[in-house]
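# Descriptive analysis of the structure
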Amino acid sequence: MATGGLDGVVWRNRALTLFDRVAVPVAVCDVYGLVVLANPAMAAECGTTPGRLRGRDVLDLFRPQEEAQVERIAEALRLRHRSRYQVSVRWRAPDGAERYGELTADPVSESVGETPSLLVMLRVAGERTASGTEPAPVSPVEGRVLALLARGATTAQAARELGLTRDGVTYHLRRLSARWAAANRTELVARAYALGVLSPGVWPPAPAGSRPSTESRAPAESRTTAESRPSTESRAVAE
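Remember, it's a predicted structure, so these values are computed and weren't measured experimentally. (Residues numbered from 1 in each chain as written. Predicted model: local features only at pLDDT ≥ 70, side-chain atom pairs only at ≥ 80, totals over all residues. Heavy atoms only, no water.)

Another aspect to go through is the overall build of the protein. Scanning the protein from terminus to terminus reveals 11 helices and 6 strands. Within the protein, residue pairs in contact and separated by at least 24 positions form 47% of the contacts whose partners lie at least 6 positions apart. When the accessible surface of the protein is totalled, it reaches about 14700 Å², and 55% of it is carbon and sulfur. (Helix = DSSP H or I, 4+ residues; strand = E, 2+ residues; numbered from the N terminus. Contact = heavy atoms within 4.5 Å. Areas by Shrake-Rupley, 256 points an atom, 1.4 Å probe, with all protein chains shown as cover.)

For the rest of this paragraph, the subject is helix α9 (residues 185–194). Within the span of α9, buried status applies to Leu188, Val189 and Ala192. For α9, the angular spread of buried residues about the axis comes to 95 degrees, placing them on one side. Set apart from the buried face of α9 by more than 90 degrees, the exposed residues are Thr186 and Ala194. Buried residues in α9 make contact with α6 (140–151) and α8 (166–180). (Buried < 20%, exposed > 50% of the residue type's maximum accessible area, 1.4 Å probe, protein only. Arc of directions from axis to C-beta.)

Let us look at the packing of helix α7 (residues 155–162) against α8. Closest axis-to-axis distance for the α7/α8 pair is 8 Å, and the angle between their directions is 105 degrees. Our classification of the angle between α7 and α8 gives roughly perpendicular. Mapping the contact onto sequence places Thr155, Ala156, Ala158 and Ala159 in α7 and Arg166, Val169 and Thr170 in α8. For the contact of α7 with α8, the residue count by class is 4 nonpolar, 2 polar and 1 charged. (Axes fitted to C-alpha atoms, helices over the stretch in contact; angles between N-to-C directions. Parallel < 35°, antiparallel > 145°, perpendicular 65-115°, else oblique. Nonpolar A, V, L, I, M, F, W, Y, C, P; charged D, E, K, R; others polar.)

For the structure shown, the criterion picks out 1 aromatic pair. Between phenylalanine 62 and tryptophan 91, the ring centres sit 5.2 Å apart and the planes meet at 80 degrees, which makes this aromatic pair edge-to-face. Here phenylalanine 62, found in the loop between α4 (58–61) and β3 (63–64), pairs with tryptophan 91, found in strand β4 (residues 85–92); they are 29 residues apart in sequence, far enough to count as distant. As far as the burial class goes, phenylalanine 62 and tryptophan 91 line up, both buried. (Phe/Tyr/Trp six-rings, centres within 6.5 Å; stacked < 30°, edge-to-face > 60°.)

On to the environment of arginine 175. In this fold, arginine 175 is placed in helix α8. Judged by its relative accessible area of 5%, arginine 175 falls in the buried class. Sequence spacing of arginine 175 and leucine 59 is 116 residues, and the spatial spacing of their C-alpha atoms is 8.6 Å. Residue contacts for arginine 175: discarding those within four places in its chain leaves Asp57, Leu59, Asp60, Pro64, Glu67 and Glu142. Side-chain polar atoms of arginine 175 contact the backbone oxygen of leucine 59, separated by 2.7 Å. (Polar contact = N/O pair within 3.5 Å; in protein donor to acceptor, adjacent residues only side chain to side chain.)

What follows deals with α7. Where α7 is concerned, the buried positions are Thr155, Ala158, Ala159 and Leu162. The arc that holds the buried residues of α7, viewed along the axis, is 100 degrees, so those residues lie on one side. In α7, those exposed residues whose orientation departs by more than 90 degrees from the buried face are Arg160 and Glu161. Packing partners of the buried residues in α7 comprise α6, α8 and α9. A positive backbone phi angle near 75 degrees is found at glycine 163, which sits one or two residues after α7.

Moving on, we get to unusual backbone geometry. Between tryptophan 203 and the following residue, proline 204, the backbone shows a cis peptide bond with an omega angle of -5 degrees. Mapped onto the secondary structure, proline 204 falls in the loop between α9 and α10 (214–228).

Under the criterion given, the structure shown has 11 salt bridges. The salt bridge involving arginine 175 is made with aspartate 60; its shortest N-O contact spans 3.0 Å. Of this pair, arginine 175 sits in helix α8 while aspartate 60 sits in helix α4, and the two are 115 residues apart along the sequence. Its relative accessible area of 22% is what places aspartate 60 among the partly exposed residues. One salt bridge in this structure joins arginine 90 and glutamate 98, with 3.5 Å as the shortest N-O distance. The network of salt bridges with shared partners includes Asp57, Asp60, Glu142, Arg175 and Arg179. (Salt bridge = Lys/Arg side-chain N within 4 Å of Asp/Glu carboxyl O.)

Shown next, in the form of structure tokens:
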């Protein structure tokens, strides 16, 4: 028994040495996508050290190009499906260039019933030279989730409006809360306005840059109509 335990330690140390030395960017994440362990190659893509990646959301480090891919993976993991999942991603390299590639996630665990960890590997496909524009702080779906939250929508109402599952809406809210260190939904909405993600002075709330709805323009139109139409009192004086 003691010999078996010693062999296990030896093989674990060998695996960790290989993990650190392999040139492919690799990380181990929990089922929610938070980094538990990363190798130097993965940390180099983010311009930091492996220890500083611990606890970070892998999808904040590498931005998905298609939110639908993430939704399908989240639902599959919730149902404990064990397949290889691939997500097309973009990220900002340490030199300022924007790279693009693919994240591959494999669920791994010691037993079938155990909640799996995710073995995540990054394949770099290429890069675009740095431009003067910064990437949007949130995705279009996240912007719409925040707008609905600002209207007072519940998770179920937001899910129906966006055509997502309740778990999908919760996933986006969890990512935004972690990204902005927001303690609750009220603080999340406040930060969205402070960062310019939501348009100020518009009702119903809408993501910045989107066209205001007719509902938000109605008060101004009614005021214009009222101002252009003489009142009954003024007509009586004129007569």
